[in-house]
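# Working through the structure, step by step
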Amino acid sequence: MTTATAQARSPIAPQHVDVKPYMYVFAGLLCLTVATVLVSYFDWSPWLTIFIGLAIATVKASLVATFFMHLKGERVIIYGLLGLCAVFVAVLFAIPITDSQANMGRRQPIAVVVEEAKPAAPALPAKALPATP
Amino acid sequence: MSSSAVAVNYPGEHSGLTNAKLGIWLFLASEVMLFATLFTSYLVIRLGSSSWPRGWEVLNVPLGTINTFVLITSSVTIILAYAKCMARDKAGFKTYMALTLALAFVFLGIKSVEWGTKFRAHHFPSTNIFFGVYFVLTGLHALHVIGGIILNSVLLFMADKHWDDPLFAGRVEAAGLYWHFVDIVWIFLLPALYLL
């Protein structure tokens, strides 16, 4: 029996969880949120602003995943699962963005064809019913 | 305890994971793909647009920032609830889980104020592509928050009856993982929509 299994077979026994690291991460996340907002007010080039903003967001997400979601010290199978997921996400981002950049100057506007409303056909004169004998 | 219950409750000898933990991570992986698809669409639409408003010109940055603080704080309270659960402190668990729920409602309240303001200004998903993206992304995220509220409420009200169930701590951990994922999505939504 593995150590993990042995521990899990007595789940009702109290286990102390040190919450101090969570408080440090919490403080870090709050500071980084303020930094994200401040960055948006600088008059830098749009691409630099986007890069810095998303870089800070990535650091924040990594902190949450590493400490709050306990990825630090997680099982190998979870790393494998998330690694596979990351590959698919990278492909998902790379293909359309690369294509979008490559065709930046050659893009044709999307033609939107709106059919004009046709005038309603004139009502046919009501035929007089033949008189019944 | 039957052998099937053992198989569900205890970590597999090879993976070292319970079914609940492996299941929630697989679910979160599928959620990552869902939001990645939407973020990719957002990027392609934005890169292909001749003009795009700066988020802070049309959205309420202070409210978005406050919502970020609220959600990050709720991530801390749910992990404290898990810590209390592991320490077998039921009152502490219920307090922190109730705090998490309260913060989730605060988040939705602020979000509804934002949406209400937009609707009163006649800004709808059909108004333009920016608001289409804004309402779809924040709306889907809000649905996930509602899902988390339901899940956490069930755990809060199950606590008295199932406190001694060996499965309970695993359920709390899974709910916490889901809630942190909801937090991570918002961490990316804030700069993408409000700031950049």
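Calculation criteria
- Residues numbered from 1 in each chain as written.
- Chains lettered and ligands numbered in written order.
- Predicted model: local features only at pLDDT ≥ 70, side-chain atom pairs only at ≥ 80, totals over all residues.
- Heavy atoms only, no water.
- Domains from an automatic or database assignment.
- Contact = heavy atoms within 4.5 Å.
- Buried area = accessible area lost by both parts, 1.4 Å probe.
- Salt bridge = Lys/Arg side-chain N within 4 Å of Asp/Glu carboxyl O.
- Polar contact = N/O pair within 3.5 Å; in protein donor to acceptor, adjacent residues only side chain to side chain.
- Helix = DSSP H or I, 4+ residues; strand = E, 2+ residues; numbered from the N terminus.
- Nonpolar A, V, L, I, M, F, W, Y, C, P; charged D, E, K, R; others polar.
- Buried < 20%, exposed > 50% of the residue type's maximum accessible area, 1.4 Å probe, protein only.
- Axes fitted to C-alpha atoms, helices over the stretch in contact; angles between N-to-C directions.
- Parallel < 35°, antiparallel > 145°, perpendicular 65-115°, else oblique.
- Left-handed = near helix turned anticlockwise from the far one by under 90°.

## Here's the deal with the domain arrangement of chain A
Here chain A is partitioned into domain 1 (20-73) and domain 2 (75-104). Centre-to-centre, using C-alpha coordinates, domain 1 of chain A lies 21 Å away from domain 2 of chain A.

## Here's the deal with the interface of chain A and chain B
It is common to report an interface's size as the accessible area lost on association of the parts. With 57 residues of chain A at the interface, the matching set in chain B holds 55 residues. For the pair chain A and chain B, the summed buried surface comes to about 4,900 Å²; carbon and sulfur atoms form 80% of the total. For B:Lys21, the salt bridge goes to A:Glu74, with nearest N and O atoms at 3.0 Å. Applying the counting criterion to the chain A and chain B interface returns 3 residue pairs in polar contact (both at pLDDT 80 or more). Listing elements by their share of the side of chain A that touches chain B, those giving two or more residues are helix H1 (3-8), helix H2 (20-41), helix H3 (46-68) and helix H4 (76-102) of chain A. Its residues assigned to classes, the side of chain A that touches chain B shows 40 nonpolar, 12 polar and 5 charged.

## Notes on the environment of B:Phe181
If you trace the backbone, B:Phe181 turns up in helix H7 (residues 168-195). Sequence separation between B:Phe181 and B:Gly64 is 117 residues; the distance between their C-alpha atoms is 18 Å. In this view, B:Phe181 contacts A:Met69, B:Leu28, B:Glu31, B:Val32 and B:Phe35; residues no more than four positions away in its chain are not counted.

## Some words on the side chain of B:Thr138
Residues and elements named next belong to chain B. Residue position: Thr138 is located in helix H6 (residues 129-162). Take Thr138: its relative accessible area is 1%, and that puts it in the buried class. A polar contact of 2.6 Å, which involves the side chain of Thr138, links it to the backbone oxygen of Tyr134. Once residues within four sequence positions are removed from consideration, Thr138 is found in contact with Lys111, Trp115, Trp186 and Leu193.

## Remarks on the packing of helix H5 (residues 90-120) of chain B against H6(B)
Residue and element names in this part refer to chain B. Interhelical geometry of H5 versus H6 gives an angle of 155 degrees and a closest axis separation of 10 Å. Between H5 and H6, the angle falls in the class roughly antiparallel. The handedness of the crossing between H5 and H6 is left-handed. Residue composition of the contact of H5 with H6, by class: 20 nonpolar, 6 polar and 6 charged.

## A few points about unusual backbone geometry
In the Ramachandran plot, A:His70 falls in the positive-phi region, its phi being about 60 degrees despite a non-glycine side chain. Within the element layout of this structure, A:His70 appears in the loop between H3 and H4. Positive phi is not limited to glycine here, since B:Arg88 has a value of about 60 degrees. Following the sequence through the fold, B:Arg88 ends up in the loop between helix H4 (61-86) and H5.

## Quick look at the packing of H4(B) against H7(B)
All names here are of chain B. Between H4 and H7, whose axes approach to 10 Å, the crossing angle comes to 165 degrees. Here H4 is positioned roughly antiparallel relative to H7, judged by the angle of their axes. In this structure, H4 crosses over H7, and the sense of that crossing is left-handed. Considering only residue class, the contact of H4 with H7 consists of 18 nonpolar, 8 polar and 2 charged.

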